[in-house]
Amino acid sequence: MCLAHGLRRAGIDVAVYERHRDRSDGLLSYRIGIGPTGNKALRRCLPPELFDVFLATCARSPRYFTVISERLRETASFELRPDTDPVETERSVARMTLHQVLLTGMEDVVHFGRTFTHYEQRDDGTVTAHFADGTTAVGDLLVAADGTHSAVRRQHLPHAVTRAAGTVNIAVKIPLTDHVRSLLPERVRQGISLIFGSGGIMGVLHVMEFKWDRDGRLRPDLDPTDAALLARWPGLRHDATRDYVNIVIWSADRHFPADVMRLRGPALIDLALRLTRGWHPDLRDLLAGSDPHSAMPIRVATSEPIPQWKASTVTLLGDAIHTMTPGRGVGANTALRDAALLVEELRQVAAGDKTLLAGVADYEAAMLPYGYARVADSLSRNGTNGDDPLYRPVVGRLALLGARGYFGVTSRIPRLRRRFVDDFYTYRGEND
Ligand SMILES: Cc1cc2nc3c(=O)[nH]c(=O)nc-3n(C[C@H](O)[C@H](O)[C@H](O)COP(=O)(O)OP(=O)(O)OC[C@H]3O[C@@H](n4cnc5c(N)ncnc54)[C@H](O)[C@@H]3O)c2cc1C
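Residues numbered from 1 in each chain as written. Predicted model: local features only at pLDDT ≥ 70, side-chain atom pairs only at ≥ 80, totals over all residues. Heavy atoms only, no water.

**Student:** Where do I start with the packing of aromatic side chains in this structure?
**Tutor:** Aromatic ring pairs: the centre-centre distance and the angle between the two ring planes describe each pair. A complete count under the given rule lists twelve aromatic pairs for this structure. With a centroid separation of 5.8 Å and 35° between ring planes, the pair formed by Phe 65 and Phe 420 is classed as tilted. Of the two residues, Phe 65 sits in strand β3 (residues 64-69) while Phe 420 sits in helix α15 (residues 414-426), which places them 355 residues apart along the sequence. The exposure class assigned to Phe 420 is buried, which follows from its relative accessible area of 13%. Note on Phe 78 and Phe 420: the rings are 4.0 Å apart at their centroids and 20° apart in plane angle, and the pair reads as stacked. In this pair, Phe 78 is assigned in strand β4 (residues 74-79) and Phe 420 in helix α15, connecting sequence segments 342 residues apart. Note on Phe 78: relative accessible area 0%, which makes it buried. (Phe/Tyr/Trp six-rings, centres within 6.5 Å; stacked < 30°, edge-to-face > 60°. Helix = DSSP H or I, 4+ residues; strand = E, 2+ residues; numbered from the N terminus. Buried < 20%, exposed > 50% of the residue type's maximum accessible area, 1.4 Å probe, protein only.)

Dropping the structure here:
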């Protein structure tokens, strides 16, 4: 959708085909962190007022990145940058809300209920996409933005494979009530908290507070500009997102039953409670209050890098080409960066400065190195790889002590602390 906005603003015809039935379909209930890379791409591609809506619909930005033990003991806490700059900030975004922002004003561009099946490249330079309902669409370029299990990639680059990273996540949402607030230490309530649990059980906790209340009414203390912007924005009517805590628990595959991907609702919450048996009662109280409809298992995936291929009228972006684990929290940021880059290339093609195939080749040559660098880096972070020493029987204890020690020391030495916070932002930037 970011690409579609950018192309439309550049005066290039675009159509999006989405398998979801309508704009509220899909289990898009979780948090996503959008940092400077994603913010910049959105600012480049969205109409300016819609970018302001994006900013206004983000949850309160995290003030702290805190590392805690499963007993709720603080190992380290880093104060993050104040939310004063539109792009140089880590933004907490509800996926469904971002989805609604990106769909705004695009009713004539997006075609719902269209599941892509295969494509044909024709001698006249066009490409035809085929959908499960028997319909087709013809264009000059087909862009696969269809995620990890991309049907376009399967046909176009059958040797580009994804594989399980060896870990499973259970994600839940807990409605943010006064009781839930009372269970959270102050810095945890105001930020992102990484839980290094003993026995190889990891977690992350995000508190999401929005500018509207549980009835969807704008809060009275809102900045008047935001209030006017949100009052005009039709997207809120399609979005049932309300304040919540998002907890994700993860570990190596062997900690989960073989049928974990089929579990839903209370069965999944029970499993999360079993995995966290020794955790602090307040954390378990939180988990027990999870909304059963929100509970979701995720088998973490990663991709195998491939060399650049010969450019054609089919290209790919985001998870369709570089699925990465959530280890660095940059998959969506990287997808947005791809979109902004591809818009720039296609703008030059439309201006007659290069041919379509040269524009696609230049996009792919620039995108693949940073995309695969993030795939590799994500796999080595925060225990998203099942082979991580954290999950080994004896070594695991040492690895846990090492990880806690690293965060503890880094947070206490001012120079290291500053570098850690800078890295938190610059990694997501475009300098590497
Ligand atoms: C637990 C977890 C936490 C994460 N946290 C972060 C984070 O904090 N920050 C971050 O940057 N990234 C994060 N990520 C990664 C991020 O979610 C992905 O990288 C991002 O969603 C990729 O976007 P995409 O548009 O490429 O693919 P997707 O978001 O998967 O979108 C693909 C779209 O294509 C549609 N589609 C699929 N197949 C078809 C078809 N055949 N026909 C028609 N439509 C189709 C789907 O319905 C969907 O709408 C996280 C991932 C996980 C698992």
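**Student:** Sorry, what's going on with the sheet that holds strand β9 (residues 136-139) here?
**Tutor:** Two strands in a sheet stick together by hydrogen bonds in their backbones, pointing the same way (parallel) or opposite ways (antiparallel). Across the sheet, which stays open at both edges, the three strands sit in the order β7-β8-β9 with antiparallel pairing between neighbours. Edge positions in the sheet fall to β7 (116-121) and β9, since each has one partner strand and no second. Taken over all neighbouring pairs, the strand axes of this sheet differ in orientation by 20° on average, direction set aside. (Pairing = 2+ DSSP bridges. Axes fitted to C-alpha atoms, helices over the stretch in contact; angles between N-to-C directions.)

**Student:** Would you mind going over the packing of helix α1 (residues 2-9) against helix α2 (residues 36-45) with me for this structure?
**Tutor:** One can describe the packing of α1 onto α2 by two numbers: an axis separation of 8 Å at closest approach and a directional angle of 35°. Between α1 and α2, the residues in contact are Cys 2, His 5, Gly 6 and Arg 9 and Ala 41, Leu 42, Arg 43, Arg 44 and Cys 45, respectively. When grouped by side-chain class, the residues that make up the contact of α1 with α2 number four nonpolar, two polar and three charged. (Contact = heavy atoms within 4.5 Å. Nonpolar A, V, L, I, M, F, W, Y, C, P; charged D, E, K, R; others polar.)

**Student:** Sorry if this is basic, but what is going on with α2 here?
**Tutor:** Residues that lie three or four places apart on an α-helix share one face, since the helix turns once every 3.6 residues. The buried fraction of α2 is high, at seven of ten residues. Listing the buried residues of α2 in full gives Pro 36, Thr 37, Gly 38, Asn 39, Ala 41, Leu 42 and Cys 45.

**Student:** Looking at this model, I keep getting lost on the sheet that holds strand β14 (residues 244-252). Mind explaining?
**Tutor:** As summarised here, the arrangement of the seven strands in space is β4-β3-β12-β13-β14-β11-β15, forming an open sheet in which the pairing is mixed. Among the strands making up the open sheet, the edge pair consists of β4 and β15 (296-303). Adjacent strand axes in the sheet meet at a mean angle of 20° when their direction is disregarded. Sheet topology note: the β3/strand β12 (residues 191-196) ladder contains six bridges and is parallel. Along β12, the bridge assignment pairs Val 67 with Leu 194. Contacts from helix α13 (residues 356-379) reach β11 (162-175) and β15 within the one sheet, and its direction differs from that of β15 by about 125°. Across the sheet, α15 is in contact with β3, β4 and β12; its angle to β4 comes to roughly 65°.

**Student:** In this structure, what is going on with helix α14 (residues 395-412)? I would like to understand it.
**Tutor:** Taking 1.5 Å of rise per residue, 18 residues should cover 26 Å, and α14 covers 26 Å from first to last C-alpha, within 8% of that figure. Here α14 has its buried residues at Gly 396, Leu 400, Ala 403, Phe 407, Gly 408, Thr 410 and Ser 411. If you follow the buried residues of α14, they end up packed against β3, β4, β12 and α15. (Expected span 1.5 Å × (residues − 1).)

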